[in-house]
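Given next are the chains, with one letter for each unit.
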Amino acid sequence: MDTAYSPWQPPLIWRAALLLTRALVAPLARLEVSGDVPAHLRRGPLVLAANHISPFDPLAMAAACQTRGIAPRIMATAGLFRAPLLGAAMRRAGHIRVDRGTSAVHQALETAASAVAAGSVILIYPEGRIGLDPGMWPERGKTGAARLALACNAPVIPVAQWGAHEVLPYRAPKGMLGGVARALWRRPVIRVHFGDPVDLGETTSAAPGAARRATDRIIDALTDTLAPLRPDEPDGPRYVDPGRPSDPSRAHRRSAG
């Protein structure tokens, strides 16, 4: 990889927002961050692959990254970019719009690949949506994260988190006020753990099935990283969001390797 040029520098608006996320999370939850990212990877190139369980995840993840001195560019759904103020701020911060379900999703991966190649840290949710696994374990992933890492020869670090589902309901903004009020009263624990780099077992996505196999390894690693964060909830969460649907059709099966 060509590293002759200076890596991407997070804009001031994003560095300030990262500090703000910690201030926003603190009244709503007790954030516990464990694990770390090697110092030589904190400014990229790097792919952070996180599980997705709640609309509150981005705030929790941003706050956790700030504690480790990381300012990732986030691959986020296009809906956020259409919001008048939030969308403008996200574009200024360097985040990457993903138009799910359209041909433009490939453009997002190309943009992300260019960003990683230029030395950025990219945060991506490989499940491609808030997971609906009945036990709230990581679902079978989309291949975007693996393709991104393989295209740029970038390391992948799994980032598991647990507890954000107790702050905001799945159907937020519906029920958001009640969720926030409950969180202010209870201050649930949100645990975030930065795991060890994933051995993707592949060197390129060109080989038949390579991206799928690498994706399964990423989800395996996410599952292994998540398990210690929820030792008393192996079969399902103690807190059940009544508005959260259940969809076992994308349940992840551990790869044979």
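Computed from a prediction, not measured in an experiment: that's the story for all the values here. (Residues numbered from 1 in each chain as written. Predicted model: local features only at pLDDT ≥ 70, side-chain atom pairs only at ≥ 80, totals over all residues. Heavy atoms only, no water.)

Tell me about the pattern of salt bridges, residues and numbers included.
Taken as a whole, this structure holds 13 salt bridges when the rule is applied. Salt-bridge contacts for Glu 202 lead to Arg 213; the nearest nitrogen and oxygen are separated by 2.7 Å. Here Arg 213 lies in helix H8 (residues 210–226) and Glu 202 lies in the loop between strand S7 (189–194) and H8, a separation of 11 residues in the sequence. Judged by relative accessible area, Arg 213 falls into the partly exposed class, the value being 39%. Through salt bridges that share partners, Arg 129, Glu 139, Asp 247 and Arg 250 make up one connected network. (Salt bridge = Lys/Arg side-chain N within 4 Å of Asp/Glu carboxyl O. Helix = DSSP H or I, 4+ residues; strand = E, 2+ residues; numbered from the N terminus. Buried < 20%, exposed > 50% of the residue type's maximum accessible area, 1.4 Å probe, protein only.)

Lay out the environment of Leu 19 in plain terms, naming residues and giving numbers.
With respect to the helices, strands and loops of the structure, Leu 19 is situated in helix H1 (residues 12–25). In this structure Leu 19 comes out as exposed when scored by relative accessible area, which is 53%. In this structure, the C-alpha to C-alpha distance between Leu 19 and His 165, residues 146 residues apart in sequence, is 22 Å.

Provide a residue-level description of the packing of helix H5 (residues 105–117) against helix H6 (residues 144–152), including the pertinent values.
At a minimum axis distance of 9 Å, the contact between H5 and H6 shows a crossing angle of 40°. With respect to their mutual orientation, H5 and H6 come out oblique. Judged by the twist between their axes, the crossing of H5 over H6 is right-handed. Each of Leu 109, Ala 112, Ala 113, Val 116 and Ala 117 in H5 lies in contact with H6, whose residues at this interface are Gly 144, Leu 148 and Cys 152. (Axes fitted to C-alpha atoms, helices over the stretch in contact; angles between N-to-C directions. Parallel < 35°, antiparallel > 145°, perpendicular 65-115°, else oblique. Left-handed = near helix turned anticlockwise from the far one by under 90°. Contact = heavy atoms within 4.5 Å.)

Describe the sheet that holds S7, with residues and values.
One open sheet holds the seven strands; their spatial order is S1-S7-S6-S2-S5-S3-S4, and the pairing between them is mixed. Two strands in the sheet have a free side with no partner beyond their single neighbour: strand S1 (30–35) and strand S4 (96–98). Pairs of neighbouring strands in the sheet enclose a mean axial angle of 20°, with direction left out of account. Pairing of strand S3 (residues 73–77) with strand S5 (residues 121–124), which is carried by two bridges, proceeds in the parallel orientation. (Pairing = 2+ DSSP bridges.)

Quick rundown of empty space enclosed by the protein? Include the residues and the values.
Which parts of space are left empty comes out when a probe the size of a water molecule is rolled across the atoms. Scanning the entire structure with this criterion turns up one cavity of 30 Å³ or more. Approximately 30 Å³ is the volume attributed to the largest cavity. In terms of lining residues, the largest cavity is bounded by Asn 51, His 52, Ile 53, Glu 127, Gly 131, Leu 132, Asp 133, Met 136, Trp 137, Pro 138 and Arg 244. Of the residues belonging to the lining of the largest cavity, the class tally is five nonpolar, three polar and three charged. (1 Å grid on protein atoms, 1.4 Å probe; cavity = no way out; pocket = protein on both sides within 12 Å on 5 of 7 lines; lining within 4 Å. Points joined across faces, edges and corners; volume = space filled by probe spheres on them. Nonpolar A, V, L, I, M, F, W, Y, C, P; charged D, E, K, R; others polar.)

Report on the nonpolar core, specifying residues and quantitative values.
In globular proteins that are soluble, nonpolar side chains generally tend to be buried together. Counting residues in hydrophobic clusters, the biggest one holds 36 residues, and the most contacted among them are Leu 48, Phe 56, Val 159, Val 167, Ile 190 and Phe 194. The set of elements that each furnish at least two residues to this core consists of H1, strand S2 (46–50), helix H2 (57–67), S3, helix H4 (84–93), S5, strand S6 (156–162) and S7. In terms of residue count, the dominant contributor to this core is H2 (six residues). Apart from the residues lying within four places of it in its own chain, the contact partners of Leu 48 are Cys 65, Ile 70, Pro 72, Val 121, Ile 122, Leu 123, Ile 124, Ile 157 and Val 159. (Core = buried A, V, L, I, M, F, W, Y, C linked by side-chain atoms within 4.5 Å.)

Lay out the layout of surface pockets in plain terms, naming residues and giving numbers.
Approximately 1400 Å³ is the volume found for the largest pocket. In terms of lining, the largest pocket is formed by 45 residues, of which the most central are Ile 74, Met 75, Ala 76, Thr 77 and Leu 80. The element best represented in the lining of the largest pocket is H1, accounting for six residues. Residue composition of the lining of the largest pocket, grouped by class: 31 nonpolar, 10 polar and four charged. Counted as a void, the second largest pocket has a volume near 260 Å³. Examining the composition of the lining of the second largest pocket, we find that three residues originate from one element, H1, more than from any other.

Residue-level account of a nonpolar patch on the surface, with values.
Nonpolar side chains collect at one region of the surface, where Leu 20, Leu 24 and Leu 59 lie side by side and expose about 240 Å² of accessible area between them. Looking at where Leu 59 falls in the secondary structure, it is placed in helix H2. For Leu 59, a relative accessible area of 30% gives the class partly exposed. (Patch = residues over 30% accessible without salt bridge, like charges linked within 9 Å, V, L, I, M, F, W, Y side chains within 5 Å. Areas by Shrake-Rupley, 256 points an atom, 1.4 Å probe, with all protein chains shown as cover.)

Quick rundown of the packing of H1 against H2? Include the residues and the values.
Think of two packed helices as two axes; the pair is described by the angle between the axes and how far apart they sit. Following both chains from N to C, one finds H1 and H2 inclined at 110°, their axes separated by 8 Å at the closest point. When the axis of H1 is compared with that of H2, the two are roughly perpendicular. Crossing of H1 over H2 shows left-handed handedness. Residue-level contacts link Trp 14, Leu 18, Leu 19, Thr 21, Arg 22, Leu 24 and Val 25 of H1 to Leu 59, Ala 60, Ala 62, Ala 63, Gln 66 and Thr 67 of H2. Partitioned by chemical class, the residues of the contact of H1 with H2 number nine nonpolar, three polar and one charged.

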